[in-house]
Amino acid sequence: MTFDYVDLDSGEAFRGRIAPADRERLRGWLQRFAGRDGVAFALEGCTGWRYVAEELQRAGITAHVAEPAETAARRGPKRRAKTDRSDAQLLRDLLLEGRIPESWIPPQPVLEARALVRLYKDLLDERTGWLQRVHAGLFHCGAPDLDVKTMSAAGRQRIATVELSPATRTAVDVAMRQVDRLTEDMTRVREQISTIGRRQPACRALQAAHYGVGPLTSVVIWAEMGDTRRFRSSDDAVRHAGLDVTVYSSDGRRSAGHLARQGPPMLRWALYEAAVYAGRPTSPDHTYFQQVKSRLGGQLALLSMARKLARRCHHTLRNLDDQVLASAA
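Just so it is clear, the structure is predicted and the values come from calculations on it, not from any experiment. (Residues numbered from 1 in each chain as written. Predicted model: local features only at pLDDT ≥ 70, side-chain atom pairs only at ≥ 80, totals over all residues. Heavy atoms only, no water.)

1. Digging into the pairing of strand 3 (residues 40-44)
- Direction of pairing for strand 3 relative to strand 4 (residues 62-66): parallel, over a ladder of five bridges. Pairing of Ala-42 across the sheet is with His-64, part of strand 4.
- Following the backbone out of strand 3, through helix 2 (residues 49-58) and into the adjacent parallel strand 4, one traces a crossover that is right-handed. (Pairing = 2+ DSSP bridges. Helix = DSSP H or I, 4+ residues; strand = E, 2+ residues; numbered from the N terminus. Right-handed = clockwise from strand over helix to strand, strands pointing away.)

2. Let's talk about the sheet that holds strand 4
- Read across the sheet, three strands follow the order 3-4-5 without closing on themselves; strand pairing throughout is mixed. The open sheet has two edge strands with one neighbour each: strand 3 and strand 5 (102-103).
- Contacts from helix 2 reach strand 3 and strand 4, with the element oriented near 175° to strand 3. (Contact = heavy atoms within 4.5 Å. Axes fitted to C-alpha atoms, helices over the stretch in contact; angles between N-to-C directions.)

3. Some points on unusual backbone geometry
- Here the residue pair Ala-19 and Pro-20 is connected by a cis peptide bond, since its omega of -5° sits within 30 degrees of zero.
- Considering the arrangement of structural elements, one finds Pro-20 in the loop between strand 2 (13-17) and helix 1 (23-29).
- Even without being glycine, Asp-147 reaches a positive phi, approximately 65°.
- Positionally, Asp-147 belongs in the loop between helix 5 (108-140) and helix 6 (153-161).
- Of note, Asp-321 is a non-glycine position whose phi angle comes to about 55°, a positive value.
- As for its position among the elements, Asp-321 is in the segment after helix 13 (298-318).
- On the accessibility criterion, Asp-321 (44% relative accessible area) is partly exposed. (Buried < 20%, exposed > 50% of the residue type's maximum accessible area, 1.4 Å probe, protein only.)

4. Topic: the nonpolar core
- Core analysis: the largest hydrophobic core is formed by 63 residues, its most contacted members being Leu-138, Ile-193, Ile-221, Trp-222, Met-225, Leu-243 and Leu-271.
- When residues of this core are traced back to their parent elements, those giving at least two are helix 5, helix 7 (166-199), helix 8 (201-209), helix 9 (215-225), helix 10 (234-241), helix 11 (265-276), helix 12 (286-296) and helix 13.
- At 11 residues, helix 5 tops the list of elements feeding residues into this core. (Core = buried A, V, L, I, M, F, W, Y, C linked by side-chain atoms within 4.5 Å.)

5. With respect to helix 9
- Most of helix 9 sits out of view: 10 of its 11 residues are buried.
- Those residues of helix 9 that fall on the buried side of the exposure criterion are Leu-216, Thr-217, Ser-218, Val-219, Val-220, Ile-221, Trp-222, Ala-223, Glu-224 and Met-225.
- Elements in contact with the buried residues of helix 9: helix 5, helix 7, helix 8, helix 10, helix 11 and helix 13.
- The positive-phi residue at the C-terminal boundary of helix 9 is Gly-226, with phi of around 70°.

6. Description of the environment of Tyr-288
- Tracing the sequence through the fold places Tyr-288 in helix 12.
- Take Tyr-288: its relative accessible area is 27%, and that puts it in the partly exposed class.
- For Tyr-288 and Ala-278, which are 10 residues apart along the polypeptide, the C-alpha to C-alpha distance reads 8.7 Å.
- Not counting chain neighbours up to four residues away, the residues in contact with Tyr-288 comprise Ser-304, Met-305 and Lys-308.
- At 2.5 Å, the side chain of Tyr-288 and the side chain of Ser-304 are in polar contact. (Polar contact = N/O pair within 3.5 Å; in protein donor to acceptor, adjacent residues only side chain to side chain.)

7. Some remarks on the pattern of salt bridges
- On inspection of all chains with the given rule, the structure shows 25 salt bridges.
- Arg-92 is the partner of Asp-93 in a salt bridge, and the nearest nitrogen-oxygen pair spans 3.3 Å.
- Judged by relative accessible area, which is 16%, Arg-92 ranks as buried.
- One salt bridge in this structure joins Arg-181 and Glu-126, with 3.6 Å as the shortest N-O distance. With Arg-181 in helix 7 and Glu-126 in helix 5, this residue pair connects regions lying 55 residues apart in the sequence.
- Judged by its relative accessible area of 36%, Arg-181 is partly exposed.
- Shared partners join several salt bridges into a network, and the residues in it are Arg-23, Arg-27, Arg-50, Glu-54, Glu-55 and Glu-112. (Salt bridge = Lys/Arg side-chain N within 4 Å of Asp/Glu carboxyl O.)

See below:
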């Protein structure tokens, strides 16, 4: 871990490395600032920022987490090789100038919820991959369409009786065992997430206020949006989710708009999953969804509903004030 800081009283600059870059060594290194006021450090919001920010706060030091993309933009045109030392100096200079592109530092309950929902999505994606392998193997051997869900009892029975080559049979059996293993893990993780959804005030408020937001998606939205009072408007919430449409225009030339996709992928996934429920006749947004679908297509209708949900969830979380970050205990 590379550090670069300046003592504002003496004007002396200090540079070096902390190795190994673990919590215990960092905690010992921070002892040099014990009893001093006005100490502040900036760190880039990449892998490992959490424990560094926690140790800084534990030592009574102000922590500033810099958004990586904005930090790189404020570097300007790159004139030399990018190194850890140059990155540390850039963060120091931006902090002294008051130009750090701040990222929100979530409290412990939000960080724990984020870890759980991201684990669940990783397990879901891996299980989907194994199921796709099963379908690919069946299609490659000319097996008839199952016409039922692969994981259902009827689907498993048809897979067991279909004619496959020995190697493909082995591949399918292994894939289905992996699917069962991942399903068990997903069930345990989802139970933990659902417990948060039942107990956390913001998650309960999201479920009560918005059709299609359930115990799982409410926790994802709450964990990834966090305290929406830091947003100036609901437009910022949509932009944070990466659901805003970006357009490049120059000298009369204008490219087709596309989603920015710059934001938490988990948040976009949860909003999209909740937007799917707008297609149901019982949804209060069913009429709007059908109008957009008939005019622009189903995919754009879902994205439009996801943006609406992002704005609504922003207002719901904002109106909770300090309760938005309450523990789920």
